[in-house]
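The primary structure of each chain is shown beneath.
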Amino acid sequence: MLNYDLSPFYRSTVGFDRLLSMLDKVAGGEPNAPTYPPYNIERTSENAYRITLAVAGFGEHELTVETRDSTLTVRGSKETGVKDDAKREVLYQGIAARAFERRFQLADHVVVTGASSENGLLHIDLVREVPEAQKPRTIAINKGGKTIEAVKAPTAQAA
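Read on for a plain summary of the structure. Throughout this description, residue numbers start from 1 for each chain and increase along the sequence as written. For this predicted model, a pLDDT threshold of at least 70 governs which residues receive local features, and a threshold of 80 or more governs which side-chain atom pairs are given and counted, while totals over whole chains, interfaces and linings are taken from all residues. Values reported for side chains reflect all heavy atoms of the structure, with hydrogen atoms and water molecules removed beforehand.

**Describing the overall build of the protein**
- Tallying secondary structure elements over the protein gives three helices and nine strands in all.
- Secondary structure follows DSSP: runs of H or I at least 4 residues long count as helices, runs of E at least 2 residues long count as strands, and numbering of each begins at the N terminus. In sequence order, the secondary structure elements of the protein are arranged as α-α-β-β-β-β-α-β-β-β-β-β.
- Relative to its 159 residues, the protein shows a buried fraction of 19%.
- Considering only contacts in the protein between residues 6 or more positions apart, those separated by 24 or more positions represent 48%.
- Of the roughly 12400 Å² that the protein leaves accessible, carbon and sulfur atoms contribute 53%. Here the term buried applies to any residue with accessible area under 20% of the maximum for its type, exposed to any over 50%, and partly exposed to those in between, with areas from a 1.4 Å probe on protein chains only. We call two residues in contact whenever any of their non-hydrogen atoms come within 4.5 Å of each other. Note on areas: Shrake-Rupley, 1.4 Å probe, and residue coverage restricted to the protein chains presented here.

**Quick look at the pattern of salt bridges**
- Each reported salt bridge corresponds to a side-chain nitrogen of Lys or Arg within 4 Å of a carboxyl oxygen of Asp or Glu. A full pass over the atoms with the stated rule returns six salt bridges.
- Here Glu-66 and Arg-75 are joined by a salt bridge, their closest N and O atoms 3.6 Å apart.
- According to the relative accessible area criterion, Arg-75 is partly exposed, its value standing at 29%.

**Some points on the sheet that holds strand E2 (residues 48–54)**
- Here, any two strands with at least 2 DSSP bridges between them count as paired. If you trace the four strands from one edge of the open sheet to the other, you get E1-E2-E7-E6, paired in antiparallel fashion. The sheet is open, and its two borders are formed by strand E1 (39–45) and strand E6 (110–118), each paired with just one other strand. The mean angle between the axes of side-by-side strands here comes to 20°, regardless of whether they run parallel or antiparallel.
- Bridge count between E6 and strand E7 (residues 121–128): eight bridges; the pairing is antiparallel. The residue of E7 that forms the bridge with Ala-115 is Ile-124. Note on method: axes are straight lines fitted to C-alpha atoms, helices fitted across the in-contact stretch only, with angles between N-to-C directions ranging 0 to 180 degrees.

**A closer look at the sheet that holds strand E4 (residues 71–76)**
- Spatial ordering of the open sheet is given by E3-E4-E5, a layout of three strands whose pairing is antiparallel. Of all the strands in the sheet, just strand E3 (63–68) and strand E5 (100–105) have a single pairing partner and so form its edges. The mean angle between the axes of side-by-side strands here comes to 15°, regardless of whether they run parallel or antiparallel.

**Here we look at the nonpolar core**
- Nonpolar cores are built from buried Ala, Val, Leu, Ile, Met, Phe, Trp, Tyr and Cys residues. Side-chain atoms within 4.5 Å join them into one set. Core analysis: the largest hydrophobic core is formed by 16 residues, its most contacted members being Leu-72 and Val-74.
- Elements represented by at least two residues in this core include exactly E2, E4, E5 and E7.
- The contacts of Val-74, once residues within four sequence positions are left out, are Leu-53, Thr-64, Val-65, Phe-100, Glu-101, Arg-102, Phe-104, Leu-122 and Ile-124.

**Examining the packing of aromatic side chains**
- The rule is short: rings of Phe, Tyr and Trp, with Trp giving its six-membered ring, pair when the centres are within 6.5 Å, and they are stacked under 30 degrees, edge-to-face over 60, tilted in between. Applying the stated rule across the entire model yields three aromatic pairs.
- A ring pair is formed by Tyr-36 and Phe-100, whose centres lie 5.9 Å apart and whose planes are at 90°; its orientation type is edge-to-face. Residue Tyr-36 is located in the loop between helix H2 (17–28) and E1, and its partner Phe-100 is located in strand E5; the two are separated by 64 residues in the primary sequence.
- Given the relative accessible area of 8%, Phe-100 is considered buried.

Put into structure tokens, the structure is as follows:
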């Protein structure tokens with residue numbers, strides 16, 4: 001495995017410390033990174049994304065989705081029924097029913113718009129909402145003493 005030293009970037013950049021810390025984590029390879037539950041991240045349109053987690057056996061009341069400081073956290077905790085466990089004798093348990101916590105770092109201006117659960121899959125929809133002040137715009141050139149107003153650049157329609 002290759003190791004990268006990002007310390008020169010820390011010395012010459014301002015405000016990118018969070019990004020560089022994330023790169024350090026990825027380059028380090030995190031040997032104890034969680035693998036449960038499996039998930040997919042897909043782009044559904046230009047500014048929309050969907051995270052899908054395989055949470056078979058978990059009900060909606062056993063799952064928690066929350067965002068805080070540009071971190072999306074998904075938690076699942078199985079409620080164990082003491083009465084049910086006393087009646088059942090499990091000969092082989094291949095279906096994982098353990099608690100989990102999965103974290104995703106969200107880019108700036110990415111917000112969660114909804115979550116749904118169906119067929120053992122938890123779908124979390126996200127959208128990148130760039131503020132109007134940060135969207136590209138065309139600046140008109142002053143011509144012969146006339147001032148022409150700035151025009152907002154056309155944006156692609158979301159599907």
